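# Summary of structural features
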Amino acid sequence: MGRLKQKGKAGAAKAYMTRSAAVKKLQCSLADFRRLCILKGIFPREPRSRKKANKGSSAPTNFYYAKDIAYLAHEPVLRKLREHKAFAKKLSRALGRGEWSSAKSLEENKPVYRLDHIIKERYPTFVDAVRDIDDALCMIFLFASLPSDSKVSPSLIENCARLAAEWQLYVMHTHSLRKVFLSIKGVYYQAEVFDQTVTWLVPYQFTQTIPSDVDVRVMLTFLELYQTLLGFVFFKLYTDAGLVYPPPLDVKKDEGAAGVGAFNLQEAKAARPTTTAAKSKVVEVDGKRVSSKDVRQTIKSIATSGSGDKDVEMPSVDAEPTNEDDEEFVEDTTEENPEDAPSAPAFTTATLPTLKTLSTLPQSTSAKLFAPYTFWLSRETSRPIFEFIVRSFGGRIGWPATSGSGSPFDESDESITHVIIDRPLVQRANESEAEKERRRRRKYVQPQWVVDCVNAGKILLEDLYAQGKTLPPHLSPFGEHAEAYDPTAGLVGAGEDEEMDEDEEVEGEEDEAEGSEEEAGAARPAKSALKAAASAEDDAALRAAELAAEAAGIDYGTFEKEAKKAQKKAKKAEAPQEDEAEQDMNKMLMSNKQRKLYERMKYGQKKRTEEVSLLRRVPTFACGLTGALCSDKIWSRRSAPSRRRRNGARSRDLPRSVLLFLYCFV
Amino acid sequence: MAAAEAKKLSKKRKAAPEEEAPAPQPSAFPQEVGLEMGSEDEGEEGGDESDDGEVEDFPEIDARSDTEDEDADEDEDDESEDEDEVDGEEDESEDESDASDDSLRPWPKPKTVISDITGQPKRVYPEIEPDYDSDSSTEDTPNRVGNIPMHWYDDLPHVGYDINGKKVLRPARGDELDKFLKTVEDPESWTSAFDKNMQMDKPLTAEELDIIRRLQENENPDANYDPYEPTVEWFTGKGKEEVMPLSAAPEPKRRWVPSKWEKQKVIKIVRAIRQGRILPNKPKTASAQPQFYAIWNEEPATGPAPPPAPKPRLPGHAESYNPPEEYLPTPEERAKWEATDPEDREREFLPQKYGALRLVPAYENFIKERFNRQLDLYLAPRVQRVKLQIDPESLIPKLPSPSSLRPFPMYKSLQVPHDEVRVRAISVSPDGAWVVSGDESGVVRLWEVIVGKEVKRWKFKSKVGAVEWCPRTDVSFFVVAVEDHLHFIIPPNLPGPVLTATQNVLAPANLPPPPANPSPVKWNSVPAAQSSSDSPILTLNLPSSPEPPKQLVWHRKGDYVASVSEGQGGVWIHQVSRRHSQAPFKKVKGAVQLVLFHPTKPHFFVATQRYVRMYNLAEQTLLKTLTPGIRWISSMDVHPSGDHLLVGGYDRKLCWFDLELSDKPYKILRYHSRALRSVAFHPTYPLFASSSDDGSIQVFHARVYNDLMTNPLIVPLKILRGHAVRDGLGVFSVRWVPRQPWLVSAGADGQVAVWCS
């Protein structure tokens, strides 16, 4: 006979710990425990059975892994926190007794903790750290724009602003910005650093006030961690890019509100010759950023390059040498230009791709999008946003003195090609001849043009975005999930209107990942025309669809074949409807568990289709649902079912089964 | 002592100016107070410091401070005292103030003489006689007996002896009247007290009166006691430091020789500082900037990185500052969004459209959303789940298509109306050509399956509970259960040999011998010659029961028929050949709902409300109890092979039992939306059907395999709808036509329908 098993001695009862038990074990205050959890990245776990984990009690509590707590128990930061507690006692005692000198010496030897080891533990490799800086960047940018008060010290805000500027400088220097989205919450930026997409949100430039129901201490603890993390990440990024970190700050310029321009990027080459070997290696691997996506894109473009008429799409940027000598930081031309040069022939003449051409392809397409242009910012546009965007894409930009000092040129500069202006058109009567002339030579565009160009990866027609015009809709470059409503789909079928076409091209972003631009542009109208053919009931509609297909550049033979196929498919789609009763009958043989799962999935599908149909407003052909749930990471709260909404669009980059993080407040 | 006194005085002098400032009263009468106090104090001080004449100036200040210390509230008394002085010296207030009365002074008056040495005037006091208690020594008490109990002299004429040894005679003491008169006449009598020693009343001195007064007022009896005397630091005060050591031990050397060890330690520290091992001024912690270095340069730890937190959802088109029009919410959507709680909202924002970027305002929930994200990061339990990536349709079991499992009933071929009366009982003849149906009005109709032609109609007095056709093929008759009777009826137009065979079975010419123990069921038959198809040839009278028998079941051989009535003991098995009825169970646990004969074995199924029991009739034993988990069993049928049992319940469940597998159901199906009323296996085709109160009949394909390994295959084939639901009642009964895949159903709407393939 084996030993008797006692209750609560093994299994979930031992593996989990309630929060109060954890606090008791660590012998620290709840606030310290929270701080530790934030710093160490320890979060509650949901036991399979709450009763088993809590000795039969079903009271609402949070559970932590007992091992996590044991791991916290010998944390140096915890020791420092205890020391700090003792220090606080000593200090208050000294102050109460009026022993100023001892208080002073105590204060001088105040215990401070460092987070280096935590950073190293949480992010064993640099890529892990880069993957996780999204939240850190959001926080840094938020705090950089906050006013200082009793809780948020000015030095903290200054540090945040410095970190934010350093990040922007790095992104501008490496031209790694990919997507920009002007949302109602702020500006979303997406950059690709070390093959990781980093997305961050910057609020618009307004004074934010911290609401009363927000616990600032929690935010500050996070900020503490994030500052350290970003410091180390930036150090590595800067050193790998051959720059000095931290970049020296020009105080005079900073006082003149030069913003990002107050920092000087310095090459570290002269300073440390020993690191060059390591650096060149890094550049080989990382600097070129041979992402899988890029490779795919390149292969696609090579495959289609024979038939492509891509000159429309390709910005003729690459051939021109960049004239950015007057920029504050000088590009490492020895690195960049040789890469740019072979990239152009790689596109046009479909030569055998070498690894080198493969690696150099993607960056050159849009990284120097604005290089041939010089921008002037009008007074009412936000300088930090557009300075960052334009300079990230290689353009030159100037601004009036009211937007801050440090403009490289003034308004009368002859090289200005575009003026970003955001005010209604007003006819000025007393315009001098020189002004008129200038006005004629320059293009006056609204700010959205810049962002749409960036997202489209090419220079769009300025007419649509001219000053005072009603802007075309601004769409998210991040796309929606696979089955979501596509606002561009309806536009193409409707007509061949120039504006629509342009629009459609602007939003042809989702397909960018799949194939090169031109292919996407050709494929979409064809697809839609075929869909129209499938849904066409009478001859007239078929005829119209045929015309549309012809306009889209599909020859008649293929159209007929495709149309037949599509019609057959449509018929097939009808047949299952007859089978529906049969399917319903088969459902009665499902087990309870299966039925519930099925109903849940069906519910989700129905909700999504409803959402789409609500947006579509006009009834179109029945969209065939793939049915497969898009794999994605899901955040959800028990109280907020809305969070279970899926967020597709990136599904193809993810493995088939992905860890789902479901978390709930207890 | 003198030094101490001087100290005290100097203290007082120090205190005096401080006290003067808040007390301006003395200025009102500076002369009197100054004078009188001065005289008193001079005397006092002089007495004490006879040898030290240099301290003239303090008495005044001292005195003033004294009076003020003592009783500042007695200033009024001082005033009155001044007035009283004019009247008489004996006033009490004078005594109280003890300032001016010289007679009270225990010390003599000084004489002022010119000093021979200094040439200055000085006061010279007479020598003080060193005597015990000088106060009492000056008193001239004549009686010298000492402190003895005076009652020793009570009966003697004298009270003691004087200093010369003479008797001191007892003073005359008046009687009570004299005493009284004395108290009236003598104004001093009330301040006098009886002197034991002299045996007479003596006036109290002013001092004594003062002591009495002080005691009465709870004060210290000593007039000179100063409760608020300033502290005198006797041993540590200035000038009073201990001069002489307490012990005579010589002072140790270590008190003045510098320590060697200390020196060594200091030298050590000094060396460390010189060598830079100790930084005398460490960098201040506040200004210590975090140092960043290449933290990822060394090899990472081998363990896997903790899983990164999931990234937040990327914004969609709806979040744009200038979204397409269709994303903008309608007023209804907006109102709905505003009505829902923030945590229940589908989106945390409402899409909005701005014409220009400069018009976009700040997003007011920015910090709140950031904060929520952080709460998510550290407060929310994360559960890792593998996301199912399947087509929901793939969850539906793949079954053969119904079209490949033909034939089965698909449509209603004909319908026989029963005058809108509920038809509860139907039965199909074993050759599959005829149907009898009995309704609640007592009408039993015999009709033909293919065209529905009614051949004959019988009318009974009350409702028909059950109708059952005898399964034998050589004879042809059916049984109708009405009230307490089972009527055996021979259908009309039978061929001759069959008719005679039937008549022989039901009404044999020579009746079998009556059984040994007669049962309460009476068998009454009409002789074969007189019998016709109009009336029953044989009638069984069952024990009376409020309801007609609800079920009739034939054994497959057609000799036994079982009937089930309401109540205890309602199960009867009737044997036609022996014309004998018996109750197989004395007592059954639970109300019997249904009974069934096993098609091949001598087994008998009895369904109570919840359980199905299987008995072996030959051995009279209970074989097994099946628990379908149904609250109330409504119907039951056994597969022709005898290995499978279907049980239907009023709680919409249908249970399939594999009798060889388990006494729990192999499959439980719940597909009808209302109570199940009837289930039936087809005798030859692999089909079964169930009918329900929802008015539908479901037809299933049920293939049973001979090997014990393969599970029965159940495929839903068809839902037959066509019966109307009346009063919540649908299809009461379904029966299969034996050799055809046809179905006969009887409904509450008074219709009997035939469903053909």
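Residues numbered from 1 in each chain as written. Chains lettered and ligands numbered in written order. Predicted model: local features only at pLDDT ≥ 70, side-chain atom pairs only at ≥ 80, totals over all residues. Heavy atoms only, no water.

### Structural notes on the overall build of chain A
When you go through chain A residue by residue, the secondary structure sums to 26 helices and 10 strands. Split into buried and exposed, the 666 residues of chain A put 47% on the buried side. In chain A, of all internal contacts separated by at least 6 residues, the share reaching a separation of at least 24 is 66%. (Helix = DSSP H or I, 4+ residues; strand = E, 2+ residues; numbered from the N terminus. Buried < 20%, exposed > 50% of the residue type's maximum accessible area, 1.4 Å probe, protein only. Contact = heavy atoms within 4.5 Å.)

### Let's talk about the overall build of chain B
A tally of helices and strands in chain B yields 12 helices and 36 strands. Looking at chain B as a whole, 40% of its 757 residues qualify as buried. Across chain B, every contact between residues at least 6 apart in sequence was considered, and the portion connecting residues at least 24 apart equals 48%. In the form shown here, chain B has an accessible surface area of approximately 43,400 Å², with 53% of it arising from carbon and sulfur atoms. (Areas by Shrake-Rupley, 256 points an atom, 1.4 Å probe, with all protein chains shown as cover.)

### Observations concerning the pairing of strand β28 (residues 654-658) of chain B
The side chains of a regular strand alternate, residue by residue, between the two faces of the sheet. Residues and elements named next belong to chain B. Across the five residues that make up β28, a large majority, five, are buried. Side-chain alternation along β28 places L654, W656 and D658 on one buried face and C655 and F657 on a second face that is also buried. Pairing analysis gives five bridges linking strand β27 (residues 644-649) to β28, with the strands arranged antiparallel. Across the sheet, the residue bridging to L646 is W656, located in β28. (Pairing = 2+ DSSP bridges.)

### What to know about the pairing of strand β26 (residues 633-638) of chain B
Residue and element names in this part refer to chain B. In terms of burial, β26 is a largely internal element, six of the six residues being buried. The pairing of β26 with β27 spans five bridges and is antiparallel. Bridging across to β27, S635 finds its partner in G648. Count of turn residues in the β26/β27 antiparallel hairpin: five residues, of which G642 carries a positive phi of about 85°.

### Let's talk about the interface of chain A and chain B
Accessible area lost when the parts come together is the quantity often used to give the size of an interface. Of the residues lining the interface, 132 residues belong to chain A; the matching set on chain B comes to 100 residues. Surface buried jointly by chain A and chain B totals about 10,800 Å² across both partners, of which 63% is contributed by carbon and sulfur atoms. In this assembly, chain A and chain B are joined by 10 salt bridges. Across the contact surface, chain A and chain B share 28 residue pairs in polar contact (both at pLDDT 80 or more). The dominant element in the side of chain A that touches chain B, judged by the number of residues it contributes, is helix α12 (residues 216-240) of chain A, at 11 residues. The class makeup of the residues in the side of chain A that touches chain B is 69 nonpolar, 27 polar and 36 charged. (Buried area = accessible area lost by both parts, 1.4 Å probe. Salt bridge = Lys/Arg side-chain N within 4 Å of Asp/Glu carboxyl O. Polar contact = N/O pair within 3.5 Å; in protein donor to acceptor, adjacent residues only side chain to side chain. Nonpolar A, V, L, I, M, F, W, Y, C, P; charged D, E, K, R; others polar.)

### What to know about the packing of aromatic side chains
Residues and elements named next belong to chain A. Throughout the structure, instances matching the rule amount to 44 aromatic pairs over all chains. Plain terms: the ring middles of W200 and F388 are 6.2 Å apart, the flat faces sit at 55° to each other, and that makes the pair tilted. A residue pair is termed long-range when its members are at least 10 positions apart, and W200 in strand β5 (residues 196-202) and F388 in helix α18 (residues 383-392) qualify at 188 residues. A relative accessible area of 1% places W200 in the buried class. On the accessibility criterion, F388 (1% relative accessible area) is buried. (Phe/Tyr/Trp six-rings, centres within 6.5 Å; stacked < 30°, edge-to-face > 60°.)

### Details of the environment of K522 of chain B
Residues and elements named next belong to chain B. Positionally, K522 belongs in strand β16 (residues 522-525). Between the C-alpha atom of K522 and that of P543, which follows or precedes it by 21 residues, the distance is 9.1 Å. With near-sequence residues (within four places) excluded, K522 lies in contact with T539, L540 and N541.

### Digging into the sheet that holds β26 of chain B
Residues and elements named next belong to chain B. With antiparallel pairing, the four strands of this open sheet are ordered in space as β26-β27-β28-β29. Each of the sheet's edge strands pairs with one partner strand only, and the pair in question is β26 and β29 (667-669). Averaged over all neighbouring strand pairs, the angle between strand axes comes to 15°, with direction disregarded. (Axes fitted to C-alpha atoms, helices over the stretch in contact; angles between N-to-C directions.)

### Quick notes on the nonpolar core
Residues and elements named next belong to chain A. Within the largest apolar cluster, 130 residues are counted, with the highest numbers of intra-cluster contacts made by W167, W200, F370 and I389. Broken down by element, this core gets its largest block of residues, 15 residues, from α12. Look past the residues within four positions of W167 in its chain and what remains in contact with it is I133, L137, F141, V193, V198, W200, F234 and L237. (Core = buried A, V, L, I, M, F, W, Y, C linked by side-chain atoms within 4.5 Å.)

### Remarks on a nonpolar patch on the surface
All names here are of chain B. Together, L177, F180, L181 and V184 give the surface a local cluster of nonpolar side chains, amounting to about 390 Å² of exposed area. Of note, F180 is situated in helix α7 (residues 176-185). The class for F180 is exposed, based on a relative accessible area of 52%. (Patch = residues over 30% accessible without salt bridge, like charges linked within 9 Å, V, L, I, M, F, W, Y side chains within 5 Å.)

### Some thoughts on the pattern of salt bridges
Applying the stated criterion to the full structure yields 49 salt bridges over all chains. Of the charged contacts in the structure, one is a salt bridge between R131 of chain A and D128 of chain A, with a shortest N-O distance of 3.4 Å. Taken together, the positions of R131 of chain A and D128 of chain A, both in helix α9 (residues 126-131) and three residues apart, correspond to about one turn of that helix. For D128 of chain A, a relative accessible area of 12% translates into the label buried. Across the pair D727 of chain B and R422 of chain B runs a salt bridge whose closest N-O atoms are separated by 3.1 Å. In this pair, D727 of chain B is assigned in the loop between β33 (713-721) and β34 (731-736) and R422 of chain B in the loop between β8 (411-417) and β9 (423-428), connecting sequence segments 305 residues apart. A relative accessible area of 67% places D727 of chain B in the exposed class. Its relative accessible area of 23% is what places R422 of chain B among the partly exposed residues. Taken together, the shared-partner salt bridges in this structure form one network comprising D210, R213, R214, E217 and E219 of chain B.

All quantities given are derived from atomic positions and should not be read as evidence of function.
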